[in-house]
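# A look at the structure
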Amino acid sequence: MKNLLLLAFLIVQSCNTETNEHAGHWSYQGETGPEHWDEIEQQSDCNGVLQSPINIIDLDAVNDNTLDTLHIHYSNKTKINDVRNNGHTIQYDFDKGDYITLEDIRYDLAQIHFHEPAEHTLNGVRFPLEMHMVHLGPGNKIAVFAILAEEGAPSAPFDFLENYLPIQAGEKKQINSHFDLMQILPESKAYYTYEGSLTTPPCTEGVRWFVLKNPITISVGQVELLQKIMPLNNYRQTQPLNGRKIRCLKTILSGLKSE
Ligand SMILES: [Zn+2]
């Protein structure tokens, strides 16, 4: 009897893992790969015309001096709550505290996660890694910073984040430590911006993208640590622009406003 109970408990547990961690239907290859996302998620925007990621061609981007510098309010007092491997990416969830403002509206940083290699390409070049910093505004509006990383000198903030790895698919670890996200951004806050979508199902449109023009550097080992525990090539192919204009603010060194 005892054994039976134990068995029942195990079965319930494994079912829970499946549903909780939405070990989702979709993936990055084969019959559940990106070409099939719109069939798998029929209510999604995945077959929309304003999708992400895109290839950014610097010469075609409109240098728009009416664009505002980025208003970033990241604090070293903000805590990372946890890190999870959801089977699609490695995601760090943040407590409330860090935010940006766009046209005086506050967007709270919710989480950061990674794609290896990068999703956005710059002049056709694909970088080894891309970090997405996801901010949520009123009415579930979404604004994402995309930070491209190239291989070079190791990044100290990455070392801190990767201290909590490896972590297996479906697993979550509490962190509950302060982290200054400002440290991870490139010095120059020059950026490209356009209207796009989430790059994973449901590929929701209406997302404001800010792709920082200058990459950060991380070491080969730091890329590999993430690569080993994420699905192979967890990126979506670049999507057609369909008439969208990419605007950029690229003549500034440090686009930070002191407020
Ligand atoms: Zn992403």
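Residues numbered from 1 in each chain as written. Predicted model: local features only at pLDDT ≥ 70, side-chain atom pairs only at ≥ 80, totals over all residues. Heavy atoms only, no water.

### Side note on the state of the cysteines
What counts is decided by this rule: Two cysteine sulfur atoms make up a disulfide if the distance between them is within 2.5 Å. Only DSSP runs of H or I with at least four residues qualify as helices, and only runs of E with at least two residues qualify as strands; both kinds are numbered from the N terminus onward. Three exposure classes are used, based on accessible area relative to the maximum for each residue type with a 1.4 Å probe and protein chains only: buried under 20%, partly exposed in between, and exposed over 50%.
As enumerated under the stated definition, the model contains one disulfide in all. Put simply, C46 and C203 are joined by a disulfide, and their sulfur atoms are 2.1 Å apart. Here C46 and C203 share a disulfide; its torsion about the S-S bond, 80°, makes the bridge right-handed. In this pair, C46 is assigned in the loop between α2 (37–40) and β1 (55–56) and C203 in the loop between β12 (191–197) and β13 (205–212), connecting sequence segments 157 residues apart. For the pair formed by C46 and C203, the shared burial category is buried.

### A short note on the coordination of the zinc ion
Where we set the bar: A 2.8 Å cut-off from the metal defines N, O and S donors, relaxed to 3.2 Å for Na, K and Ca; water is not in the atom list, so some sites may appear incomplete.
Protein coordination at the zinc ion: the donors are H113 (NE2), H115 (NE2) and H132 (ND1), at 2.0 to 2.1 Å from the metal. Donor residues binding the zinc ion come from one chain and are separated in sequence as H-x1-H-x16-H. Pair check on accessibility: H113 and H115 agree, each one buried.

### Considerations on the pairing of β13
Keep this limit in mind: A strand pair is defined by DSSP finding two or more bridges across the two strands.
The buried count for β13 comes to six of eight residues, which makes it a mostly enclosed element. Pairing geometry for β12 and β13, over seven bridges, is antiparallel. Note on β13: the bridge partner recorded for G196 is V207.

### As for the nonpolar core
Rule in force here: To form a nonpolar core, buried Ala, Val, Leu, Ile, Met, Phe, Trp, Tyr and Cys residues must be joined to one another through side-chain atoms within 4.5 Å. The contact criterion used throughout is that any non-hydrogen atoms of two residues lie within 4.5 Å.
Grouped together as the largest cluster of nonpolar side chains are 42 residues, with contacts concentrated most on Y74, I90, Y92, I112, F114, M133 and L181. With near-sequence residues (within four places) excluded, Y92 lies in contact with I80, D82, V83, A110, Q111, I112, F114, L161, E162, L165 and I175. Formed by 18 residues, the second largest nonpolar core is a distinct cluster that contains V144, A146, Y194 and I246.

### Comments concerning the environment of G206
Tracing the chain through its elements places G206 in strand β13. As a C-alpha pair, G206 and K141 span 65 residues in sequence and 7.4 Å in three-dimensional space. The contacts of G206, once residues within four sequence positions are left out, are I142, E195 and G196.

### Remarks on unusual backbone geometry
Of note, the amide linkage connecting E116 to P117 takes the cis form, showing an omega dihedral of -5°. Unlike most non-glycine residues, N123 shows phi in positive territory, near 50°. In this structure, N123 sits in the loop between β8 (121–122) and β9 (129–136). A relative accessible area of 47% places N123 in the partly exposed class. Of note, the phi angle at N176 is positive, near 55°, even though the residue is not glycine. Secondary-structure assignment places N176 in strand β11 (residues 172–178). Classification of N176 as partly exposed rests on a relative accessible area of 45%.

### A word on the packing of aromatic side chains
Aromatic ring pairs: the centre-centre distance and the angle between the two ring planes describe each pair. Put simply, the rule is: Ring pairs are drawn from Phe, Tyr and Trp, using the six-membered ring of Trp, whenever the two centres fall within 6.5 Å, and their geometry is named by plane angle: stacked under 30 degrees, edge-to-face over 60, tilted for the rest.
Considering all chains together, one arrives at eleven aromatic pairs under this definition. On the numbers, 5.8 Å between centres and 70° between planes, the contact of F160 with Y164 is edge-to-face. When its relative accessible area of 26% is taken as the criterion, F160 is described as partly exposed. An aromatic cluster of at least three residues, connected via ring pairs, comprises F94, F160, Y164 and F179.

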